[in-house]
Amino acid sequence: MKFAIFGNKHQTKKSKSIEKLFDTISSHNDTFAIDGPFYEFLKSEGISVPEPEEIIDGNSFTADIAISFGGDGTLLRTASRVGNRRIPILGINAGRLGFLTTTSNDNLEYVFDKIHAGEYLVEELGLIEAITDGTELKSYPFALNEIAIMKHDSSSMMTIEATLNGCEKIIYRADGLIVAAPSGSTGYSLSVGGPIITPDANVLTLTPIASHSLNARPIVISDSTTIGIKVNSRSHNFLIAIDGRNESCNDTTTITVRKASYKQLVIRRIGHSFIHNLQEKLMWGADIRE
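Here's a quick rundown of the structure. (Residues numbered from 1 in each chain as written. Predicted model: local features only at pLDDT ≥ 70, side-chain atom pairs only at ≥ 80, totals over all residues. Heavy atoms only, no water.)

**A few points about the overall build of the chain**
Logical step 1: When you go through the chain residue by residue, the secondary structure sums to seven helices and 18 strands.
Logical step 2: Taking 2.2 N^0.38 as the reference for a compact globule, 290 residues should give roughly 19 Å; the C-alpha atoms of the chain span a radius of gyration of 20 Å, in line with that estimate.
Logical step 3: Each of the three principal axes of the chain carries a C-alpha extent, and together these read 55 × 50 × 35 Å.
Logical step 4: Residues counted as buried form 51% of the 290 residues belonging to the chain.
Logical step 5: Within the chain, contacts between residues at least 6 apart in sequence are counted, and of these 66% link residues at least 24 apart.
Logical step 6: For the chain, the accessible area works out to roughly 13,800 Å², and carbon and sulfur atoms hold 49% of it.
Logical step 7: Mean positive and mean negative side-chain charge positions of the chain (28 and 34 charges, respectively) differ by 5 Å. (Helix = DSSP H or I, 4+ residues; strand = E, 2+ residues; numbered from the N terminus. Rg over C-alpha atoms; globule rule 2.2 N^0.38 Å. Buried < 20%, exposed > 50% of the residue type's maximum accessible area, 1.4 Å probe, protein only. Contact = heavy atoms within 4.5 Å. Areas by Shrake-Rupley, 256 points an atom, 1.4 Å probe, with all protein chains shown as cover. Lys, Arg positive; Asp, Glu negative; His and termini not counted. Charge placed at Lys NZ, Arg CZ, Asp CG, Glu CD.)

Here you go:
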């Protein structure tokens, strides 16, 4: 079996634990490819890296499974590298919260045994896509978590017009607006008051950021909805963040957000429960008095 490894280049201490991953791959007689910049980072930090079968340059690579070694941000970047190829991602949590990355470094042998035995689940997660009416976006336009429209600087709030299927209009006067896929409901959207959505729900959420109006609330809509977004800003520009990949747009630009034509494959343990993950990672429903 061949794995493609992607990792976080900013956490030296946690990256040292990747040696256990290399040992586990070797013990199962598997091979691996590794992202070029991550490979150079590991070597520069004195981390022992076995000879890979392939150094990944760009997004051209082959693998049975892609491994994201880091936190949720690393998994989102890995998803952008995998793209629409049907390569499932195994997220190994070397970060802090790790809501998307549910496998830890402590149970790698067990996880690899289950993978080789075929005893695992592949979850299909919906993505969303951003399209502009003018200049093409520089970054990868698909998001597993969210597409956020935000103020470019510390200027005053923006007026954001969201049109649903070309008909219904919602006006937000706020610092921004988040369009979140179900897997993104526990991320940025949640931090500004958005609802928690189960990953299998066929919906999207619109969540304003620091709304100027108390009656502007998050709304859940069908994922078949096409959302047109226009921005009016005193600075005449705004930021679009696609799973954290930021770039500037002129406020004459119209953004269209819609469901992507493909889904992202993510490996889960058999018996993995979204509700259990909420309870474990977010202390959901916990009574702190106990």
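**A short note on helix 2 (residues 18-27)**
Logical step 1: Of the positions making up helix 2, those classed as buried are Ile18, Leu21, Phe22, Thr24 and Ile25. For helix 2, the buried positions fall inside an angular range of 160° around the axis, keeping them on one side.
Logical step 2: Taken from the residues just after helix 2, Asn29 is the one with a positive phi, measuring 60°. (Arc of directions from axis to C-beta.)

**Some thoughts on unusual backbone geometry**
Logical step 1: Positive phi, normally seen in glycine, also occurs at Asn165, with a value near 55°.
Logical step 2: Inspection of the secondary structure assignment puts Asn165 in the loop between strand 10 (158-164) and strand 11 (168-174).
Logical step 3: Accessibility expressed as a relative area gives 46% for Asn165, which makes it partly exposed.
Logical step 4: Notably, Asp243 is not glycine yet its phi reads approximately 50°, a positive angle.
Logical step 5: Residue placement: Asp243 occurs in the loop between strand 16 (237-242) and strand 17 (245-250).

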